[in-house]
Number of protein chains: 2
Amino acid sequence: MQVFIAPQRKQWSVITARPAFDASQLFPSVAAVFQAVEEHGDAALLDYTEQFDQVRLSQLRINTSALEEAVSEVPEKLKTALVTASQNIRTFHDANRPRTAAPLEVQPGVRCWVENRAIERVGLYIPGGSAPLFSTVLMLALPAQLAGCREIVLCTPPDANGEVPPAIRYAAQQAGVTQVFALGGMQAIAAMALGTESVPRVDKIFGPGNAYVTAAKQYAQLRGVAIDLPAGPSELLVLADAQVPPAFVAADLLSQAEHGPDSQVIAVVPDSSLIDPLFEAVETQLKTLPRKNIAQEALAASCIVCLPDAQDRLDFINAYAPEHLILATQNANELVPGIVNAGSVFLGNYSPESAGDYASGTNHTLPTNGFARAYSGVSVADFQRQLTFQEITADGLQDLGPLVEVMAREEQLEAHRQAVSIRLQSLKK
Amino acid sequence: MQVFIAPQRKQWSVITARPAFDASQLFPSVAAVFQAVEEHGDAALLDYTEQFDQVRLSQLRINTSALEEAVSEVPEKLKTALVTASQNIRTFHDANRPRTAAPLEVQPGVRCWVENRAIERVGLYIPGGSAPLFSTVLMLALPAQLAGCREIVLCTPPDANGEVPPAIRYAAQQAGVTQVFALGGMQAIAAMALGTESVPRVDKIFGPGNAYVTAAKQYAQLRGVAIDLPAGPSELLVLADAQVPPAFVAADLLSQAEHGPDSQVIAVVPDSSLIDPLFEAVETQLKTLPRKNIAQEALAASCIVCLPDAQDRLDFINAYAPEHLILATQNANELVPGIVNAGSVFLGNYSPESAGDYASGTNHTLPTNGFARAYSGVSVADFQRQLTFQEITADGLQDLGPLVEVMAREEQLEAHRQAVSIRLQSLKK
């Protein structure tokens, strides 16, 4: 970890810079996959699965019976944990679903309102890897279910035996997923974007993935399929003062660093005397981690920043716009109004990021890479749209219409004006 | 206009297909502009303006005095109309701003909540053309102002004299725009995405534009700048029955058709006897329009669809997912719950689309091209983000922590588990 003591503001942009990655460089590979899937449908998907996942499947869709069997294949302890986590996620997301105001008489005879509608068909991508990411199943499917999506399609790569891990199947069942496919990578995104004989075309694709999956989602977006968020490596900023045990901060930094070699972690402290104890705690804990090498690589590109001025610390946080922000300070609550750019924020000494990653109830699909400046984490709102409605009475149009006529004429849109004038004329008779 | 009488469902996808356009074909041109703007800043912008707008400017930014002078340059009638339209847009958007729920104790000692934050810097693009589109200034800047955005930057191409039309300057001032630039096209998008000496870099870019502007916005999005909506040609579907005068429906269809030769209009009727009167009304009104040629071209690619079955009509509307939908029918209100895919909906005989385009209070920046299946029109929410917060007490973590430990271990993320375990251990002492 690099150390910056009271860096000048002009240095900040260098410290807060993310590793550059342009997913569009992968568009040629992605385009080839999309074209093959468009032309050959399931056959192309089965071929790609053989090529990338080293398994030849006879079908992509996981049968209902295999989904139901998961209940007996998942350890009881994990099932209990998943049930409680699901309850918390449901409770929080339900409480924060978009609410519409009552219809409003904007002016007499001009009634306008908003109604929420679920996106009809959504696709969730769950990456493979060393362990099944069942927590992401909950984080994406539960809000989709609360939103009322009609079709919730889940794609995840098959394991070496061609199977989808029990924990994924169990979580999918618990969270209302309607169809599960043993299908990963670019080909999964192409299938959900285009539709094939077995995989339905969806309206919006959610979920994390590697650079190829990210590029495929961006490519799908250019072709008119919505996506949740632009992706980037996961990241954490911890603001720590003297009252938090350095071991807690070190554990949080390492929990982020173990995600991947490109993960970013930053610790911000008010006093340089806090740096050495933090370093030592990181070194001590690092030794015990199974994913030590990954964490080490991530830490090499990470830093501790000492900023003695309180306003500087706040401004630095907002300049970085972290995906995850831990405020492990005495006055955490007082800082909240000043936090403008962040994905999810954890207050105090007993709110580790991993609580939010799994079970506190907030979502863990969050804007990385500085995208927190313009994007929010996933919520029920992302699975719905807000349609606007307006109903104008004849009297209402007699008041409002002349204004529309003036503006349409000034914009030289005569037919726009006519649509009002013809109605106003009919009312004069 | 083509006519389809009771088309089979398998035909619908052909009828509802949009003209294909792949903006990414223009990426090479866009990339060149972005590179020049990145390297040469304002100098590149002034050169491009000379090249594309045939005017050599000495500066891009419109002075405060020029903004203030607009008040004396805009006709009184238009000012009055703009003030009332602004009031309606403000009232409606304010009533429908995202509201957050109170902090929630998800389980004892686990408190989670959401807070809204405005996006700090937003960029609004207003296209040039035959007439100044001041209405779009209101539709984008007023929600930005209500959201609380700190910087609201507006770019619009200069006219032949190098000036920004008075109506745009006046609307910008009324609606809280903080800086106006005489700058259009791809170079305006590049400037707001990258920042130059005079144009600030923004976090999100809004607004309509031609194919080049659309491609530039998509390109900016790939580089990490958020955008409002994927763009496409404007469109309208009118559902009409026997009780609405055909002249009203014809006027609405033409108001959409005059937007551009690629605009799409569709009329859906329950009875084939309604087709001929509608045709005649369109022909009659078309003759009188200044933008007759544009409308005629748009109508050539448009259609009237006769569907005798009520459920078919509803399903057809949702399959098309129109940007604008007029329900000019006896039972318009009864149809509302069944409308799932649409941008903005107009009910009854006296709610022409042009009322919503200008003054009813709803937004006119809406999802076209079938994007209404996954996107909403612009609202205050698009200028804000929702940050999640969580504060867990020591007691709360003692309840929640063991579940997190189980799940982290199952996902083989040992450092995630440690961040909880180390805290739980400290509490045992």
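Above this text you will find the structure in question.
Described below are features of the structure shown in this document. (Residues numbered from 1 in each chain as written. Chains lettered and ligands numbered in written order. Predicted model: local features only at pLDDT ≥ 70, side-chain atom pairs only at ≥ 80, totals over all residues. Heavy atoms only, no water.)

On a plain count of helices and strands, chain A comes out with 17 helices and 14 strands. Oriented by its inertia axes, the alpha-carbon framework of chain A measures out at about 90 × 60 × 45 Å. For chain A, buried positions account for 62% of its 429 residues. Counting contacts in chain A only where the partners sit at least 6 residues apart, residues at least 24 apart contribute 75% of the total. (Helix = DSSP H or I, 4+ residues; strand = E, 2+ residues; numbered from the N terminus. Buried < 20%, exposed > 50% of the residue type's maximum accessible area, 1.4 Å probe, protein only. Contact = heavy atoms within 4.5 Å.)

Let's shift gears to the packing of helix α3 (residues 42-53) of chain B against helix α8 (residues 185-194) of chain B. Residue and element names in this part refer to chain B. At their nearest, the axes of α3 and α8 sit 9 Å apart, and the two run at 160 degrees to each other. In terms of orientation, α3 lies roughly antiparallel with respect to α8. Where α3 crosses over α8, the handedness of that crossing is left-handed. Judged by residue contacts, L45, Y48, T49, F52 and D53 of α3 engage M186, Q187 and A191 from α8. Considered class by class, the residues forming the contact of α3 with α8 number five nonpolar, two polar and one charged. (Axes fitted to C-alpha atoms, helices over the stretch in contact; angles between N-to-C directions. Parallel < 35°, antiparallel > 145°, perpendicular 65-115°, else oblique. Left-handed = near helix turned anticlockwise from the far one by under 90°. Nonpolar A, V, L, I, M, F, W, Y, C, P; charged D, E, K, R; others polar.)

Note on the identical chains: chain B maps onto chain A by a rotation of 180 degrees and an axial translation of 0.0 Å, with an RMSD of 0.0 Å. Taken together, the turn and the small shift mark the pair as related by a two-fold rotation axis. A share of 100% of interface residues in chain B that are also interface residues in chain A marks the association as one of identical surfaces. (Least-squares fit on C-alpha atoms with pLDDT ≥ 70 in both.)

Attention now moves to the sheet that holds strand β3 (residues 110-118) of chain A. Taken in spatial order, the nine strands make up an open sheet running β2(A)-β3(A)-β14(A)-β13(B)-β12(B)-β9(B)-β10(B)-β11(B)-β1(B), and their pairing is mixed. Of all the strands in the sheet, just β2 (104-107) of chain A together with β1 (2-5) of chain B have a single pairing partner and so form its edges. Across the sheet, the mean angle from the axis of one strand to that of its neighbour is 20 degrees, orientation sign disregarded. Taken together, the three bridges between β2 of chain A and β3 of chain A define a ladder with antiparallel strand orientation. If you follow E105 of chain A over to β3 of chain A, its bridge partner there is R111 of chain A. Helix-sheet contacts for helix α10 (residues 246-257) of chain B involve β9 (235-240), β10 (264-269) and β12 (324-328) of chain B, and the interaxial angle to β9 of chain B is about 170 degrees. (Pairing = 2+ DSSP bridges.)

Among all positions in helix α7 (residues 166-174) of chain B, only A167, I168, R169, Y170, A171 and A172 of chain B are buried. Next to the buried residues of α7 of chain B lie α4 (64-73), α5 (76-95), α6 (134-147), β5 (151-156) and β6 (179-182) of chain B.

Looking now at the interface of chain B and chain A. At the interface, 117 residues of chain B touch 117 residues of chain A. Across the chain B to chain A interface the summed buried area is about 10,400 Å²; carbon plus sulfur atoms make up 62%. Residue R373 of chain A is joined to D203 of chain B by a salt bridge in which the shortest nitrogen-to-oxygen separation is 3.8 Å. Applying the counting criterion to the chain B and chain A interface returns 62 residue pairs in polar contact (both at pLDDT 80 or more). (Buried area = accessible area lost by both parts, 1.4 Å probe. Salt bridge = Lys/Arg side-chain N within 4 Å of Asp/Glu carboxyl O. Polar contact = N/O pair within 3.5 Å; in protein donor to acceptor, adjacent residues only side chain to side chain.)

Before going further, it helps to spend a moment on helix α7 (residues 166-174) of chain A. Looking at the buried positions of α7 of chain A, the neighbouring elements they touch are α4 (64-73), α5 (76-95), α6 (134-147), β5 (151-156) and β6 (179-182) of chain A. Immediately beyond the C-terminal end of α7 of chain A, within one or two residues, lies G176 of chain A, with a positive phi of roughly 85 degrees.

Quick look at the sheet that holds strand β8 (residues 226-227) of chain B now. Residues and elements named next belong to chain B. Read across the sheet, five strands follow the order β6-β5-β4-β7-β8 without closing on themselves; strand pairing throughout is parallel. The open sheet has two edge strands, β6 and β8, and neither has a second partner. Sheet topology note: the strand β4 (residues 121-125)/strand β7 (residues 204-206) ladder contains three bridges and is parallel. Its bridge partner lying in β7, L124 is registered against F206. In the packing of α8 onto the sheet, the strands contacted are β4, β5 and β7, and the crossing angle to β4 comes to about 175 degrees.

Moving on to the pairing of strand β14 (residues 384-392) of chain B. Burial runs high along β14 of chain B: seven of the nine residues are buried. Across four bridges, the pairing between strand β13 (residues 344-347) of chain A and β14 of chain B is parallel. In the sheet register, V345 of chain A faces β14 of chain B, and the bridge partner there is F389 of chain B. Pairing geometry for strand β3 (residues 110-118) of chain B and β14 of chain B, over nine bridges, is antiparallel. Of the residues in β14 of chain B, the one forming a bridge with E115 of chain B is L387 of chain B.

Now for the pattern of salt bridges. Any two side chains of opposite charge can pair, on the condition that their charged atoms come close. One pass over the structure, following the stated rule, counts 38 salt bridges over all chains. When the shortest N-O distance is used, the salt bridge between D94 of chain A and R97 of chain A registers 2.9 Å. Given a relative accessible area of 22%, R97 of chain A falls into the partly exposed group. Across the pair R9 of chain B and D312 of chain B runs a salt bridge, and its minimum N-O distance is 2.8 Å. Remark: D312 of chain B occurs in helix α13 (residues 310-320) and R9 of chain B occurs in helix α1 (residues 9-15); sequence separation between them is 303 residues. Look at R9 of chain B and you get partly exposed, because its relative accessible area is 45%. Put simply, R121, R201 and D203 of chain A together with R373 of chain B are held in one network by salt bridges that share partners.

A word on the nonpolar core. As a rule of thumb, nonpolar side chains are buried together in soluble globular proteins. If you look at the biggest cluster of nonpolar residues, it comprises 204 residues, and the most contacted ones within it are M407 of chain A together with M407 of chain B. Apart from residues lying up to four places away in sequence, M407 of chain B is in contact with L78, A81, L82, A85, F134, Y358 and A359 of chain A. (Core = buried A, V, L, I, M, F, W, Y, C linked by side-chain atoms within 4.5 Å.)

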